[in-house]
Every structure is written in C-alpha cells, then in structure tokens.
Amino acid sequence: MAVDSGLSSPLGPPACEKDAKALQFIEEMTKNTDSVQAKVLAEILSRNANTEYLQRFKVGGATDRDTFKSKVPVVTYEDLKPDIDRVANGDRSPIFSSLPISEFLTSSGTSAGERKLMPTIADELERRQKLYSLLQPVMNLYVPGLDKGKGLYFLFIKAETKTPGGLVARPVLTSYYKSEQFKTRPYDPSNVYTSPNEAILCVDSFQSMYTQMLCGLLMREEVLRVGAVFASGLLRAIRFLQLNWQQLAHDIATGTLNPKVSDVSIRNCMSKILKPNPELAEFVTKECEGDNWEGIITRIWPNTKYLDVIVTGAMAQYIPTLDYYSGGLPKACTMYASSECYFGLNLKPMCKPSEVCYTIMPNMGYFEFIPHDPANPVQISRDSPPHPVDLADVELGKEYELVITTYAGLCRYRVGDILQVTGFHNSAPQFKFVRRKNVLLSIDSDKTDESELQKAIENATALLRPYDTNLVEYTSFADTKTIPGHYVIYWELLVKDPTNPPSEEVLNQCCLAMEESLNSVYRQCRVADNSIGPLEIKVVKNGTFEELMDYAISRGASINQYKAPRCVNFTPIVELLDSRVVSVHFSPAAPHWTPERRR
C-alpha cells in the first residue's frame, strides 16, 4: 500500500518511507548529473593525488576536468597490466589508490588466457551496496506485494585464487556474497530469498544448486519471483531440475537430505527446514515425470510475477527458451554493472527486453564516452587519441564506448562496452547496452574474441597435418538451444589423400585442442560451473562456404569486400550450414582448468 503524498516521488508512489528515501536519492542524483560528476572526479583526484599513477602524468593535485583530461590518457587493460602485476606480486606502495588495494575483482574479459585483475578498495563495497539498495524500491513501484512472499534466486560463488603477493582474486559477485554487507544485510520484507546463505556460499556447484532448488520447491507457494544473475543460469537451474527431480522428490517425501550434499553447514541448516511432505513430493513427481516442460516455472511456482534475469547483450539469445519454460512471464533486468564499476539501474524494470535501458547513477564513478560509429569505427592509437565526452554531453540516439574513472584508482579506463543513448531521466542519460566490443562468442560469463578463436583453430588444425588435410574455411555459432549451451565450429576441410583422412578420434581431439586453447573463463565454465557444454565441430561438404558467399551476395553483400563471417547467428545461414554437415564431433573430455593463476 502506497504511503501518503507527502512522500511522493516523480517515479511513482513509494511503498514505504524507506522506499521514499531511495527514490528521492535517485531524483537528486539524476537532476544534478553534471555537478555530481564534477564532485565525484574532484573527490577521486583529491583522494588519489599522491598516487604514483597520477603523479606520473604530472596532474599536480589538480581536481578539475580540463587538467585531468589534458594530462591523463585514455587506457586499456594492456596499458595498466605492468602496474597491476606489481600490485599482484606484492607491491603495497600507492600505485593506483591512496587506500590499500583490498582484493582483485576478476573480469570475464581476458588477457593472455587469464581473467583480468581489477584492483578494488574496501569502501567500494559500500558504494555497490548503495546501488543494490535502490533496486527494490524501484521494483516495488511496478510489482506491489513483494513483501508478502519470497524470491527464488539461484546465486553462486566461484572459486577464488590468491596472487603471488597474497591478495584475493575473485569475481565481483563472489566478493559481494562473501562480504559482511551481504551476510548481515538488513531484513527487507520485499527482498527475502528462499536460498539460505549456507547454500549460496557453498563453492561446490552441485551441492549449492541442489539445496537452492530443494528450498525453492519446499517454499513453492511463497515464491513471487524467480531469478539468477544471467538468463543462462536460470535455464541451467531448470535443466538441473529435469535431471534431479526424482532425488529431490525423495528428499521431500522422506524429510532426508541427499547424501551427496555433504557440506556440514548446509546439512545443519536444512535439518531445520526439511520435514517429510509426501503430498508435495507427489506434486513434484507429477509435474516433472512427463516430457512436457512448457510453462514449468508457473506450474511449480504458480505465484511467480516475473523472472529477474539479465537478458540484454549476449543473453538475449535465451529469451525464447525462457518464454517456453515460464509461459512468457515478464523478464526484469534491474541493473548494469561490471567488475570495474557498478554503473546504474533500470527505472522501468518490467519493460520488454528489447526496450531495456539503464540510467547511469553519477555518484558511482566518473564516466566519459568515446563516440562510436558502428558503420565507420574510429581506429584509436597513441597518434590519434580518443576525445571522450562527459556524461551530461552525450546525444540521443548515438552510440558510445564507455570510459570510467573509479575511486579505486582506475583512470580513464576503456571498459569495452558499446552503449546507445535512448533517453534521459531528468538530466541523466539512459543507455541501451548494445554489445561488448570485439566479442564473438558467449554462452555464459565467457567472452571469446576473433583473435582467440583464430588461435584455437590454429592449434586444433595442427592435429590434421599428419593426414595432409587443410582447413579451407570456418565459422562459429553459439548454440543456446542445448542446456547448457555450447560452441559449434563449422569446418570445411580439404583432404588431399582420400585414403588417409583424419579419423573420428582425431577430429574429436581437435575439439578438445580448441577448448584447451580458450581462456580460463571459458574453461572454468566448462569444468567447475558446468555452464557450457562440450565444444562441437561440424564438418561441412566441400563448397559450402562458396554457397554461403553466394547467399550473402544475393542479399546485397559486395563480392569484392565479402569475407566469411567468423560467427553466425542469422537463422537461414545456420540452417544452410546445418544442411551441409557430413560429420559431427564433440570434445571427448573437459579441458584443463585449475583455480590457481598461471605464473
């Protein structure tokens, strides 16, 4: 029930006084975007004035934008890597930040096959928590009554490592879930999870998923929303239910916990929750034993109002499957964040996925934008440095590459996200996420670019040399119809000696060789998270790629400029390729992966 008009907000009537304060904060930040940005930059430059990085560029303690922009260059991860390596190896001097680097957040972008290391400081957790605290008050404007039930969220931590200098390196969400801010978060009746902290904080993905699914089933009538961070994660949970419903039903019927769940803290926690419930077990069996899984989410959790998942960018490929399992429930994308910085939130979270846009909160960091023309990308180099514009100066309809300066000491850092301005809330721009720059393939949190795919292809085709066989052409496809999704690589081969072609076993080994060549994020998803399936090579008939070129030219491509696409997702092209397949091969084993960082 909305509170009185004395607490009204332009965004809508808040559900309670606490929500009113959060909505008012959003209004203040977005009405004063440029002045907040100037203040944020001044705070960052003042705080970090004596750092080696700012002194290197002779900023001289200045805190104004003009000095900062004229002296400090726009950089990429490769530019910063030597300094980041110093911190990772134990250098505790103030290189980036005047405050101690508390840990590294690992980005899913890659560098030489490893996750990027993003330095962070302790008080960034509070800044991220502030953004989290704004999400529910906005959602309460659109979906009333969330305080009357619970959210079934599948949340997981991932393996963490230590750098040679002793700093923890882990994904940003693992850092957040393991923080005191999360574990001792204040009770909010509209934001209660079915999953106990003990399950979320279990590093074993099977035990964690099993417990979270079991709790979701036990509390099925109370569940008002179902979610995961990414759409792929929610689909993985549904697949898990398909594979494990019999054991889950047994546990519910008997009030005992699957012995495979051996984590002591989980067993202690579940002993208080799990009681024999034969009626519920019978219901779960009835819903899951057949082949019809259409609408399974609303059949098992009938009070679900929406799905809370990211379905923008690479995750948009999962929308049809989510619709199938949920009966077309709304999909809420609530926030925009990365390892480097948390950026903003969606002020209309119940909009269609194609209309999702994020309002950048100007208090989270200092933001600049490099104009990006998709038809004519600017080649940026040291001789032609970019000229970013400020947050308040972006123009409606134009695309930009995001550049950030953070309290933790990243200065004018290119994140690699391409955004398009779709509108404004007060004076704050709203952005649609267009894509990650240079990313070719993505299933989950993995991101594989063209050069990395090329390197993997080269390593795999080396196995064909003893058979006098060459690769004529190739392309790739992220197949998300399987759960989990997997990479498909189409190969056209020239077998020079038909009496000695590469065997099925050799082509299977080519799949594994490709996987071994891909970055550690991909390999972790394959080995530890089970969020990507085995890589598949489909060998196509000779002449297939000429047909592909003919098709592209028939649709208006220039014969002089045509080159085979390294990734395809246009359905007619995928169908053409699939119709020419002569053999199919899968990786026979999982690639090597260990939580330890390469030295």
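As the structure is a computational prediction, the values presented were derived from the model and not from experiment.

**Structural notes on the overall build of the protein**
Of the regular secondary structure elements, the protein holds 20 helices and 22 strands. Taken over C-alpha atoms, the radius of gyration comes to 25 Å for the protein, in line with the 25 Å a tight globule of 599 residues would show. If one aligns the C-alpha atoms of the protein with their principal axes, the spans along those axes are about 80 × 70 × 50 Å. Burial analysis of the protein (599 residues in total) assigns 54% to the buried set. Long-range contacts, defined as pairs at least 24 residues apart, comprise 69% of the intrachain contacts of the protein with a sequence gap of at least 6. Element-wise, carbon and sulfur atoms account for 51% of the exposed surface of the protein, whose accessible area totals about 25600 Å². When the 64 positive and 72 negative side-chain charges of the protein are each reduced to one mean point, those points stand 3 Å apart.

**Quick look at the pairing of strand E3 (residues 150-154)**
For E3, a buried count of four out of five residues is recorded, marking the element as mostly surrounded by other parts of the structure. With five bridges connecting them, E3 and strand E6 (residues 223-230) associate as parallel partners. Following the sheet pairing, Phe 154 is matched in E6 by Ala 228.

**What to know about the sheet that holds strand E21 (residues 536-540)**
Consider a sheet: its strands pair through backbone hydrogen bonds, and that pairing is either parallel or antiparallel. An order of E19-E20-E21-E22 is seen for the four strands of this open sheet, with the pairing classed as mixed. Across the chains shown, the open sheet's two edge strands, defined by having one partner strand only, are strand E19 (469-479) and strand E22 (581-586). Adjacent strand axes in the sheet meet at a mean angle of 25°, parallel and antiparallel pairs treated alike. Here E19 runs beside strand E20 (residues 486-495); their pairing, made up of ten bridges, is antiparallel. Bridge assignment links Asp 479 to a residue of E20, and that residue is His 486.

**A short note on the state of the cysteines**
By definition, a disulfide is the covalent link that joins the sulfur atoms of two cysteine residues. Counted under the stated rule, the structure contains zero disulfides. Cysteine Cys 510 shares no disulfide, and the gap to the nearest cysteine sulfur, in Cys 511, comes to 7.1 Å.

**Describing the environment of Asp 390**
Relative to the helices and strands, Asp 390 resides in strand E13 (residues 389-390). Relative accessible area serves as the criterion here: at 10%, Asp 390 is assigned to the buried category. Measuring from C-alpha to C-alpha, the distance between Asp 390 and Tyr 193 comes to 39 Å, with 197 residues separating the pair along the chain. With near-sequence residues (within four places) excluded, Asp 390 lies in contact with Arg 65, Lys 69, Tyr 366, Phe 367, Glu 368 and Phe 369.

**What to know about the nonpolar core**
Counting residues in each nonpolar core, the largest one holds 161 residues, and the members touching the most others are Leu 241, Phe 367, Trp 491 and Met 514. Not counting residues up to four positions away in its chain, the partners in contact with Met 514 are Leu 453, Ala 456, Ile 457, Ala 460, Ile 489, Trp 491, Leu 535 and Ile 537. With twelve residues, the next largest nonpolar core counts Phe 477, Tyr 490, Leu 548 and Ile 573 among its residues.

**Observations regarding the domain arrangement of the protein**
Assigned domains of the protein: these are domain 1 (17-122 + 337-377 + 387-436), domain 2 (147-304) and domain 3 (440-586). The C-alpha centroid of domain 3 is placed 35 Å from the C-alpha centroid of domain 2. Taken together, the contacts link nine residues of domain 2 with nine residues of domain 3. Across the domain 2 to domain 3 interface the summed buried area is about 780 Å²; carbon plus sulfur atoms make up 48%. When the area that domain 2 buries against domain 3 is broken down by residue, the three leading residues are Lys 158, Ser 205 and Arg 236, summing to 55%. Inspection of the region where domain 2 meets domain 3 yields two salt bridges. For the interface between domain 2 and domain 3, the tally reads three residue pairs in polar contact (both at pLDDT 80 or more). Per-element tally for the side of domain 2 that touches domain 3: the top contributor is helix H11 (residues 231-254), with five residues. Each residue belonging to the side of domain 2 that touches domain 3 can be placed in one class, and the counts come to three nonpolar, three polar and three charged.

**What about the pairing of strand E16 (residues 428-436)?**
Direction of pairing for strand E11 (residues 358-360) relative to E16: antiparallel, over a ladder of two bridges. Its bridge partner being in E16, Thr 359 is matched across the sheet by Gln 430. Sheet topology places strand E15 (residues 413-425) next to E16; eight bridges connect them, and they run antiparallel. From the neighbouring strand, Asp 417 faces E16, where its bridge partner is Arg 436.

**Quick word on helix H16 (residues 450-461)**
With twelve residues, H16 ought to run about 16 Å at 1.5 Å a step, and its terminal C-alpha atoms sit 16 Å apart, in line with that. All buried positions along H16 are accounted for by Glu 452, Leu 453, Ala 456, Ile 457, Ala 460 and Thr 461. One side of H16 holds all its buried residues, which, seen down the axis, span an arc of 165°. With a side-chain oxygen lying 2.8 Å from the backbone nitrogen of Glu 452, the N-terminal cap of H16 falls on Asp 449.

**Thoughts on the packing of H11 against helix H13 (residues 278-288)**
Direction vectors running N to C along H11 and H13 enclose 165°, while the axes themselves pass 8 Å from each other. On the basis of the axis angle, H11 is roughly antiparallel to H13. Remark: the crossing between H11 and H13 carries left-handed chirality. Contacts from Leu 241, Trp 245, Ala 249, Ile 252 and Ala 253 in H11 reach Pro 278, Leu 280, Ala 281, Val 284, Thr 285 and Cys 288 in H13.

**Some remarks on the packing of aromatic side chains**
In the structure shown here, the tally under the stated rule is 20 aromatic pairs. On the numbers, 4.3 Å between centres and 20° between planes, the contact of Tyr 132 with Tyr 176 is stacked. Of this pair, Tyr 132 sits in helix H6 (residues 124-142) while Tyr 176 is found in helix H7 (residues 172-177), placing the two residues 44 residues apart along the sequence. For Tyr 176, a relative accessible area of 6% puts it in the buried group. In this structure an aromatic cluster arises from ring pairing among Tyr 132, Tyr 176, Tyr 177, Phe 182 and Tyr 342.

Definitions and limits used
Residues numbered from 1 in each chain as written. Predicted model: local features only at pLDDT ≥ 70, side-chain atom pairs only at ≥ 80, totals over all residues. Heavy atoms only, no water. Helix = DSSP H or I, 4+ residues; strand = E, 2+ residues; numbered from the N terminus. Rg over C-alpha atoms; globule rule 2.2 N^0.38 Å. Buried < 20%, exposed > 50% of the residue type's maximum accessible area, 1.4 Å probe, protein only. Contact = heavy atoms within 4.5 Å. Areas by Shrake-Rupley, 256 points an atom, 1.4 Å probe, with all protein chains shown as cover. Lys, Arg positive; Asp, Glu negative; His and termini not counted. Charge placed at Lys NZ, Arg CZ, Asp CG, Glu CD. Pairing = 2+ DSSP bridges. Axes fitted to C-alpha atoms, helices over the stretch in contact; angles between N-to-C directions. Disulfide = S-S within 2.5 Å. Core = buried A, V, L, I, M, F, W, Y, C linked by side-chain atoms within 4.5 Å. Domains from an automatic or database assignment. Buried area = accessible area lost by both parts, 1.4 Å probe. Salt bridge = Lys/Arg side-chain N within 4 Å of Asp/Glu carboxyl O. Polar contact = N/O pair within 3.5 Å; in protein donor to acceptor, adjacent residues only side chain to side chain. Nonpolar A, V, L, I, M, F, W, Y, C, P; charged D, E, K, R; others polar. Expected span 1.5 Å × (residues − 1). Arc of directions from axis to C-beta. Parallel < 35°, antiparallel > 145°, perpendicular 65-115°, else oblique. Left-handed = near helix turned anticlockwise from the far one by under 90°. Phe/Tyr/Trp six-rings, centres within 6.5 Å; stacked < 30°, edge-to-face > 60°.

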